[in-house]
Amino acid sequence: PGQCARLMDILAGDIPSSLLWDEAGPTSDTTFAKLGVESVTVAGRRFDVDGSPLGLLHLSATGETRVAHDVDTREAYAVKLVDEASLGPDHAPLSDEDVTALAHPCLVTVIGSMAVSVSSGKATARVYVTELCAGGDLLDTLIEHEDGMPETDACLIVRRVTSALSYLHARGFVHTRLRPSKLLLDGSGRVKLSVAGCVRGAGDRSARVEVLRGLESAGAFAPPEQRAVLAVAGGVGADSSAIAAAADAADARAADAAAAARAAGSLAGASAVVTTSLPDAGAVWAAGVLAFVLTHGALPYEESAAEALQLSPQASESLTAFVRGALASESWLRPSLPALLSKGWLEQCGSAGAGGVASESRHAPISRIGIFATPRGPSSPVDEPANVALSQ
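The sections below set out a description of the structure shown in this document.

Describing helix α9 (residues 278-296)
In step 1: Counted at 1.5 Å a residue, the expected span for α9 with its 19 residues is 27 Å, and the 27 Å between its end C-alpha atoms agrees.
In step 2: When you tally the buried positions in α9, you get 19 out of 19 residues, the bulk of the element.
In step 3: Just downstream of α9 lies Gly297, where phi reads positive at about 70°.

Structure, rendered in structure tokens:
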């Protein structure tokens, strides 16, 4: 019971309150069966959707994800059906060109997407075909490590996620729904960030508004400054212009505070400070929460971020510095995403992962959805070290 309570705290709003069940299943109208979608064609390839109970991978108030097979090769993929209207008035879906151009070893690969017409004839749903991450999501790992996993393993996971976020932000994208359910494990046990929830325009107003509206289901992964902005604006249901104005004011205050601190000599230099936009600071906060959850098996704060942060006495100095920096109460005091990767805890595990520490278990597969997994042999390291030492 205690373990379940901790996991529910970590997930918080990750389970949509609007997902209600009846005798026939979930009440969402956006499912492949209800829309009559049995196959999809993207990038010149046709995929048959597995409509059986075993084919269901994920279900939420915004749609569902199922297994699909390439009709020519019979290779398994994932197909995600999204009711875009349910994502709010500010949601601007990525184009097919956008999602297929995102290529990074720590991101889930998207094969392509297509619009789906609903009964009214208006295309308000979209299907994405992606690689199949047969290891499930990070919740499986949290269950198996209720008191936290070894730092070396947690570090490799956090490094991969941070690397993916840095890649997205450098290319003008921002992830609006950072949480454990968006972190998936491929058949070789490597953690990858789902692109579901990404929007273009990391610095524009619409992207910031969508990030803030997503706080309702972000739980502890939402930083305090974003919650404060939303409160000032009047909550999740506030008008978009009110949310944008509150975000602009928060950005201006953070920029002024950072400039004043730098002028006073209390900052280590511009390279150590995040840009003062809410999405950038929020991504760093999420990385800090993830590091704490993975190494401690609990949230960093019981009630609010105003509490004193208590790390385990067994935590290394580098982990302690990483978490305290990423979870700094003032957004402009947090290191940038590139800075997190280039020094300290993540830099150390990156060097170790490329060397010998991970050599014995880096390719140990995770087969929680074993009937869909494709056996894989050892492969060469990519840009980021593979996740290691996760139990089979």
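Regarding the packing of helix α7 (residues 224-233) against helix α8 (residues 240-263)
In step 1: At a minimum axis distance of 8 Å, the contact between α7 and α8 shows a crossing angle of 135°. When the axes of α7 and α8 are compared, the pair comes out oblique. Judged by the twist between their axes, the crossing of α7 over α8 is right-handed. Touching Val229, Leu230, Val232 and Ala233 of α7 are Ala242, Ile243, Ala246, Ala247 and Ala250, all from α8.
In step 2: Split into classes, the residues belonging to the contact of α7 with α8 amount to 9 nonpolar, no polar and no charged.

Observations concerning the packing of aromatic side chains
In step 1: All told, the structure shown has 3 aromatic pairs when counted by the stated rule.
In step 2: Ring centres of Trp285 and Tyr301 lie 6.3 Å apart, and the angle between their planes is 15°; on these two criteria the pair is classed as stacked. With a gap of 16 residues between them, Trp285 in helix α9 and Tyr301 in the loop between α9 and α10 (317-326) connect regions that are remote in the sequence.
In step 3: Ring geometry for Phe322 versus Trp345: centroids 5.1 Å apart, planes at 50°, classification tilted. Here the residue Phe322 occupies a position in helix α10, and Trp345 occupies one in helix α12 (residues 344-354), the gap between them amounting to 23 residues. In this pair, the class of Phe322 matches that of Trp345, namely buried.

Focus on the pattern of salt bridges
In step 1: Summed over the entire model, instances satisfying the criterion amount to 8 salt bridges.
In step 2: Between Asp186 and Lys192 there is a salt bridge, with its nearest N and O atoms 4.0 Å apart. Residue Asp186 shares its accessibility class with Lys192, and that shared class is buried.
In step 3: Residues joined by salt bridges that share partners form a network here, namely Glu131, Asp186, Arg190 and Lys192.

About the cut-offs
Residues numbered from 1 in each chain as written. Predicted model: local features only at pLDDT ≥ 70, side-chain atom pairs only at ≥ 80, totals over all residues. Heavy atoms only, no water. Helix = DSSP H or I, 4+ residues; strand = E, 2+ residues; numbered from the N terminus. Expected span 1.5 Å × (residues − 1). Buried < 20%, exposed > 50% of the residue type's maximum accessible area, 1.4 Å probe, protein only. Axes fitted to C-alpha atoms, helices over the stretch in contact; angles between N-to-C directions. Parallel < 35°, antiparallel > 145°, perpendicular 65-115°, else oblique. Left-handed = near helix turned anticlockwise from the far one by under 90°. Contact = heavy atoms within 4.5 Å. Nonpolar A, V, L, I, M, F, W, Y, C, P; charged D, E, K, R; others polar. Phe/Tyr/Trp six-rings, centres within 6.5 Å; stacked < 30°, edge-to-face > 60°. Salt bridge = Lys/Arg side-chain N within 4 Å of Asp/Glu carboxyl O.

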